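Chain and residue survey
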Amino acid sequence: MIRYSLRLCALIAAGGLATTAPAAPADRHTAAIEARIAALEARLTREEDRAAIEKLTRAYGYYIDKKVWDEVVPLFSEDAVVEISGRGVYKGSKGVSTLFRDVIGRSHEGLADGELSNHMVLQGIVDVAPDGRTATGRWRAFIQIGLWQKAALWAEGTYDIGYVKQDGVWKFSRMIWYGTYFTPFDKGWAQAAFGNNGPSKQFPPDAPPSVQYDAFPGHYVPPFPYPNPVTGRVWTEADSRRYSTQGMDPGHAANSQAAGSPLSQEAGTPARTPGQ
Amino acid sequence: MKPPRHRPLRLLGVLAAGAAALIPGLASAQVSLDARLSALEARVQRLDDRAAIEKLTRAYGYYVDKQLWDQVAECFSTDAVIEIAGRGVYRGRDGADRLFRQAMGGGRIGLRDGALFNHMILQGIVDVAPDGRTAQGRWRAFVQIAQYQALGIWSEGTYENTYVKRDGVWQISGMHFYATYYTPFDQGWAKKALPNNGPSKDHGPDAPPSVAYDVFPGHYVPPFHYVNPVTGHAWTDADSRRYSTTGMAPAPAGPPIQPRNPAPSH
């Protein structure tokens, strides 16, 4: 920065001394400097975009912790597409509201008495598109959920997120969350595994799950939105299939209404015991 | 951290003005270049500030892990206000020393044999004020506390911090840590919930806790310092009360949970 400023000074000083010369060289210098400043401005805007997107995503996590749906739902664009665990695809503001408020929130704003819903949103990789209008993100949530004297679970999973900048504000345009494991606190992942959450009967999704995948003891590699940072190799869905199991999800999410942890169940669903 | 250097820029301004006077056609272009450079510098400064504050907060976590209380206390400004769990409010460097080294460390710096005090400091949201002199941050700690063969605890909680830049160096000027839960490793949060850490008897706070709140199985929403990033809705204390329980803490704040040396045998 310092060196750059000094060079700029030299250029402008040269321009100032060249009063008797034709204006053209000075104009060219000015144009070149303007171009470099414009390039710096663009690079800086991308860094600010990345910071804004990180804040958006982490803020989402803190709101989810407390199930503050009034703050969560507006974080999504009007045409957002959201898919959490194996619950299927919810579309647009109405779909997003249904998914969070009714399906995940069971039509209750805020945590229920005795409920825990910790979602630590971590390890973000954010890539802003060259035009600065969209971005992709890969994050993970490390989760402690439970209901006092009823259930305590550890869970973890990966977010695949699309962002869009509208009127200068970044929003979620796409969110897919892939559950890696759901395990009861008192047994752990060697002894018990719950299946992925399945679609709601009462508030069905706009489309079935876009991909069938296994939670632990099976495994799935959610496609990486970015190429390998060193080789530039692009990850494909075929790669994901090659490195993933099939039919090992303890609940067979896409086929079973009873899949998922005890906390995801709707009223009237018989209590499930974990697989294994 | 070195303070920003302005000399080249000032020099640039003088030269630009000189050039503009000599070449009237360049005047507007160069004044505008000067303004654009100044704006760029201010924006870069805020990103640098954010990075420095992230480093400070994460460094605090690594020091707390090992109970290096002298290093911890030095992360704070001389007029800092610190409130951790239900321990009450400690003020200034003297307060920081009393809270960290004496109340939490029992007068000792460094972990005792067999002690674990992991504090992963995660999910930071840092907002630097437009004037670049202060900042606010929300973070969380995911905590494992143990004394070998005596105690094993999972815990988690939220930080709302404030920061101040003094002589070019960011310091923590306010820290409020709100515990979410404490549960024994062998039982978990469905079966056993421990109360919040209460005030130390021997090395008490300068003021009682500023807010009474429930830890799990109750819950509390520590007020968000930031407005909703999309709607701009400002969170209020009334919102926090609306989304929180009262009277559901497992018990009144109790004796602090921390590693204890079980009668050293050497």
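Just so it is clear, the model here is predicted, and its values are computed rather than measured.

**A look at the overall build of chain A**
- Of regular secondary structure, chain A possesses 5 helices and 6 strands.
- Going from N to C terminus, chain A has its helices and strands arranged as α-α-α-β-β-α-β-β-β-β-α.
- The buried share of chain A, reckoned over its 276 residues, is 51%.
- In chain A, the proportion of contacts linking residues at least 24 apart, taken out of those at least 6 apart, comes to 61%.
- A total of about 12,800 Å² of accessible surface is found on chain A, and carbon and sulfur atoms cover 54% of it.

**Points about the pattern of salt bridges**
- Counted by the stated rule, this structure contains 27 salt bridges over all chains.
- The partner of A:Glu109 in a salt bridge is A:Arg101, with the nearest N and O atoms 3.5 Å apart.
- Taking relative accessible area as the criterion, A:Glu109 reaches 27% and is therefore assigned partly exposed.
- B:Glu54 serves as the salt-bridge partner of B:Arg58, at 3.6 Å between the closest nitrogen and oxygen. With B:Arg58 and B:Glu54 both in helix H2 (residues 27-65) and 4 residues apart, this pair spans about one turn of that helix.

**Focus: the interface of chain A and chain B**
- Contact residues are listed per partner, giving 71 residues for chain A and 64 residues for chain B.
- Between chain A and chain B, roughly 5,700 Å² of surface is buried when both sides are summed, and carbon and sulfur atoms account for 70% of that area.
- Per-residue buried area on chain A facing chain B is highest for A:Tyr62, A:Trp148 and A:Phe185; these three make up 14% of the total on that side.
- Inspection of the chain A/chain B interface yields 6 salt bridges.
- Among the salt bridges present, the one from B:Asp127 reaches A:Lys55, with a minimum N-O distance of 2.7 Å.
- In this assembly, chain A and chain B are joined by 22 residue pairs in polar contact (both at pLDDT 80 or more).
- Of all the secondary-structure elements, those providing two or more residues to the side of chain A that touches chain B are helix H1 (2-17), helix H2 (23-65), helix H3 (69-72), strand S3 (115-128), strand S4 (134-147), strand S5 (151-166) and strand S6 (169-184) of chain A.
- With 23 residues, the top contributor of residues to the side of chain A that touches chain B is H2(A).
- Classifying every residue of the side of chain A that touches chain B gives 39 nonpolar, 14 polar and 18 charged.

**Section: the sheet that holds strand S2 (residues 89-91) of chain B**
Residue and element names in this part refer to chain B.
- Taken together, 6 strands build an open sheet; the order of strands is S2-S1-S6-S5-S4-S3 and the sheet is mixed. Each edge of the open sheet carries a strand with a single partner, namely S2 and strand S3 (115-128). Neighbour to neighbour, the strand axes of the sheet diverge by 15° on average, direction disregarded.
- With 3 bridges connecting them, strand S1 (residues 76-84) and S2 associate as antiparallel partners. Looking at the pairing, Glu83 lines up with Val89 of S2.
- The strands that helix H4 (residues 92-104) touches are S1, S2 and S3; relative to S1, the one it contacts most, it runs at about 45°.

**Side note on the packing of aromatic side chains**
- Per the counting criterion, the structure on display carries 42 aromatic pairs over all chains.
- Arranged with centres 5.4 Å apart and planes meeting at 80°, the rings of A:Phe142 and B:Phe142 form a pair that is edge-to-face. With A:Phe142 in strand S4 and B:Phe142 in strand S4 (residues 134-147), this pair bridges two chains. Here A:Phe142 and B:Phe142 have matching classes, each one buried.
- The structure contains a cluster of three or more aromatic residues connected by ring pairs, namely A:Tyr60, A:Trp69, A:Phe76, A:Phe100, A:Tyr159, A:Tyr163, A:Phe172, A:Trp177 and A:Phe182.

**Here we look at helix H4 (residues 92-104) of chain A**
All names here are of chain A.
- Taken as a whole, H4 carries its principal kink of about 25° at Thr98.
- Every buried residue belonging to H4 is among Gly92, Gly95, Val96, Thr98, Leu99, Phe100, Val103 and Ile104, and all of these are buried.
- Phi for Arg106, located one or two positions after H4, is positive at around 50°.

**Describing the confidence of the model for chain A**
Residues and elements named next belong to chain A.
- The pLDDT averaged across chain A works out to 88; a share of 83% of its residues lies at or above 70.
- Counting contacts from residues 253-259, a segment whose pLDDT is below 50, to residues more than four positions away or on other chains yields 20 contacts.
- Predicted confidence for residues 265-276 stays below pLDDT 50, and this span has 26 contacts to residues more than four positions away or in other chains.

**Observations concerning the sheet that holds strand S2 (residues 89-91) of chain A**
Residues and elements named next belong to chain A.
- Here we have 6 strands laid out as an open sheet, ordered S2-S1-S6-S5-S4-S3, and mixed in their pairing. The open sheet is flanked by S2 and S3, the only strands paired with a single partner. Going across the sheet, the axis of each strand differs from the next one's by a mean of 15°, ignoring polarity.
- Sheet topology note: the strand S1 (residues 76-84)/S2 ladder contains 3 bridges and is antiparallel. Its bridge partner lying in S2, Glu83 is registered against Val89.
- Against the sheet, H4 touches S1 and S2, its axis set at about 45° to S1.

**Quick word on the environment of B:Ala103**
All names here are of chain B.
- Topologically, Ala103 is positioned in helix H4.
- The exposure class of Ala103 is buried, given its relative accessible area of 10%.
- As for Ala103 and Pro205, which are separated by 102 residues in sequence, their C-alpha atoms are 9.4 Å apart.

**Notes on H4(B)**
Residues and elements named next belong to chain B.
- Where H4 bends most, the angle comes to about 25°, and this point is Arg98.
- Considered for burial, the residues of H4 that qualify are Gly92, Gly95, Ala96, Arg98, Leu99, Phe100, Ala103 and Met104.
- Positive backbone phi, approximately 60°, marks Gly106, located one or two places after H4.

**With respect to the side chain of A:Glu156**
Residue and element names in this part refer to chain A.
- Within the secondary structure, Glu156 is located in strand S5.
- Since its relative accessible area comes to 7%, Glu156 is described here as buried.
- A distance of 2.6 Å separates the side chain of Glu156 from the side chain of Arg140, its partner in a polar contact.
- The contact partners of Glu156, leaving out residues within four places of it in the chain, are Arg140, Ala141, Phe142, Trp177, Tyr178, Gly179, Thr180 and Tyr181.

Calculation criteria
Residues numbered from 1 in each chain as written. Chains lettered and ligands numbered in written order. Predicted model: local features only at pLDDT ≥ 70, side-chain atom pairs only at ≥ 80, totals over all residues. Heavy atoms only, no water. Helix = DSSP H or I, 4+ residues; strand = E, 2+ residues; numbered from the N terminus. Buried < 20%, exposed > 50% of the residue type's maximum accessible area, 1.4 Å probe, protein only. Contact = heavy atoms within 4.5 Å. Areas by Shrake-Rupley, 256 points an atom, 1.4 Å probe, with all protein chains shown as cover. Salt bridge = Lys/Arg side-chain N within 4 Å of Asp/Glu carboxyl O. Buried area = accessible area lost by both parts, 1.4 Å probe. Polar contact = N/O pair within 3.5 Å; in protein donor to acceptor, adjacent residues only side chain to side chain. Nonpolar A, V, L, I, M, F, W, Y, C, P; charged D, E, K, R; others polar. Pairing = 2+ DSSP bridges. Axes fitted to C-alpha atoms, helices over the stretch in contact; angles between N-to-C directions. Phe/Tyr/Trp six-rings, centres within 6.5 Å; stacked < 30°, edge-to-face > 60°. Bend = angle between axes of the 7 residues up to and from the residue. pLDDT = per-residue confidence, 0-100.

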